[in-house]
Amino acid sequence: MSSVQINCVLKANEYSHTFLKGSSSHGILGFHSNMLLSNHPGEDRRSSATCLPSGAVLLGVFDGHAGAACVHTVSQRLFYYVIVAMLPLKTLAEIERAVEEERAVPPLLEWHKHTQDHSCPEGGATSFHSLRNYWQERLDEGLDLNLDLDQEEDGDRVTSALTNAFRRLDYDLSVEAQVHLSTQVHPFMSSPRRASLTGEAWSLSSPLRVALSGCTACVTHISDGILHVANLGDSRAVLGVQEPDGRWSAVSLTNDHNAQNPDELQRILGEHPPSERRTVVRYDRLLGVLLPFRAFGDVRFKWSTEMLNQVHETRPDVLSVISEAVRTPPHYLTPPYLRAEPEVTQHHIRPSDKFLILATDGLWELMHRQTAVQLVGEQLTGLQQQRPVMPGVGMTLGGLQRLLLERRGRVISVLEDQNTATHLIRHALGDDGYGAVAPNRLAKMLSLPSELARRYRDDITITVVHLNEPDT
């Protein structure tokens, strides 16, 4: 691949957005985002939007598995649940009156999307019905507690709103799938109609397909100089901090929810009887099957044994299409084994906090967080404060040449990429082992045929959020 072809592939999904400076910017200058897919179809998604009532910014990266149906749906619906969870009861009451009177409801989100980003999923009526039920329940709870509609809820509203939104969307995905199953015609009907039903059951927007597949999510909410990160699974949020001496430090704002996290492992084991201690997590996977310990969808780790057996017995047409996606995992004794409760972190943005990297595990499998922060920091500063290369004691001419080539490679890559997310992808795939990009290695990684690409790299989705003013 030529350098032009390489850049064409790397930059195809670039997206950037800049926010107006001032108090309304909430401490965020803008963001750069990019995606490089290896699966076909891709199983990563990204979302970004401004909450119109408050001006707060929501950004997220989503990593799907067992297909793209769940990640496709969650990436489009989750932010609506977050904003409904956060809106004052008075505003929700006004929205409900508008719906009842069939008046136009003002938009709640201003989406920031690349032209190639996936549009909202089909089944909008079902999605809206579930969302409306959610805000109606919030209103009913407020009345039950005798809350004034102008009264704000106590506690950290953002943390509780994010947690409730994640839980509720996952609950609704499960309910919608069960309703879809119960309203389908019995499978032993005439074959033409059964074939039609199978197509409906396995379309990308099918509630059953959404619930049987799964996805992780890493979402940040930024408002009034405070950022909250809600994480579910093994994507990560890493803060880039510039120290007084100009050096860059990486601060993790998330924990991976998998077997490599001792606290998460103990949580999973503690939620099930001691007799299952050897079967709940096997080969570092949940029930020996699933890597993340928290996720949306994946109802075969959440539904009761009776419910899963019902799918087996009544929907052979679905089983013939879905195959292993609905098979009951081994040692399935005390469900649920999986939850969609995020771990939420709150952080007050400081002048030294320059950016936040949100990325799916496709990046972190290839790059350490400190390396990522260093690359973004150097890209943002343009290497203007670059120190001259000084030969060290005992350094050979070959070693000095290697340092000079490394410095040259970094300067070239900085000039090539205005988008910091693209800069990270370029280095993740083309790293030569010395901090520079090897064009031949990058070309090989980008030209792998689709049937081989997944063996060498996962889908990579990155959003780099630029914080504070440049001179603060």
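As the structure is a computational prediction, the values presented were derived from the model and not from experiment. (Residues numbered from 1 in each chain as written. Predicted model: local features only at pLDDT ≥ 70, side-chain atom pairs only at ≥ 80, totals over all residues. Heavy atoms only, no water.)

A. How the structure looks around the overall build of the protein. Helix and strand counts for the protein stand at 16 helices and 15 strands. Within the protein, the proportion of its 472 residues that are buried is 51%. Partitioning the intrachain contacts of the protein with sequence separation of at least 6 by distance along the chain shows that 74% fall at a separation of at least 24. Total accessible area computed for the protein in this model is approximately 21,900 Å², and 52% of it derives from carbon and sulfur atoms. (Helix = DSSP H or I, 4+ residues; strand = E, 2+ residues; numbered from the N terminus. Buried < 20%, exposed > 50% of the residue type's maximum accessible area, 1.4 Å probe, protein only. Contact = heavy atoms within 4.5 Å. Areas by Shrake-Rupley, 256 points an atom, 1.4 Å probe, with all protein chains shown as cover.)

B. View of helix H3 (residues 89–100). An ideal rise of 1.5 Å per residue puts 16 Å on 12 residues; H3 measures up with 16 Å between its terminal C-alpha atoms. When H3 is considered as a whole, its buried residues turn out to be Leu89, Leu92, Ala93, Ile95, Glu96, Ala98 and Val99. (Expected span 1.5 Å × (residues − 1).)

C. Focus on the packing of helix H14 (residues 420–430) against helix H15 (residues 439–446). At their nearest, the axes of H14 and H15 sit 8 Å apart, and the two run at 95 degrees to each other. Classified by the interaxial angle, the pair formed by H14 and H15 is roughly perpendicular. Taking contact as the criterion, the partners of Arg426, Leu429 and Gly430 in H14 are, on H15, Arg441, Leu442, Met445 and Leu446. (Axes fitted to C-alpha atoms, helices over the stretch in contact; angles between N-to-C directions. Parallel < 35°, antiparallel > 145°, perpendicular 65-115°, else oblique.)

D. Representation of the pairing of strand E9 (residues 248–252) within the structure. In this sheet, E9 lies alongside strand E8 (residues 236–242) in antiparallel orientation, the contact comprising 5 bridges. Each residue of the ladder has a partner; that of Gly240, found in E9, is Ala250. Linkage of E8 to E9, two consecutive antiparallel strands, is achieved through a turn of 5 residues, within which Gly246 is found at a positive phi near 95 degrees. (Pairing = 2+ DSSP bridges.)

E. Structural context of the pairing of strand E14 (residues 353–359). Taken across its 7 residues, E14 has 7 buried, putting it largely inside the fold. Summarising the sheet, E8 and E14 pair through 6 bridges and their orientation is antiparallel. Opposite Val238, over in E14, you have Ile357 as the bridge partner. With 5 bridges connecting them, E14 and strand E15 (residues 460–467) associate as antiparallel partners. Counted as the bridge partner of Ile357 is Val464 from E15.

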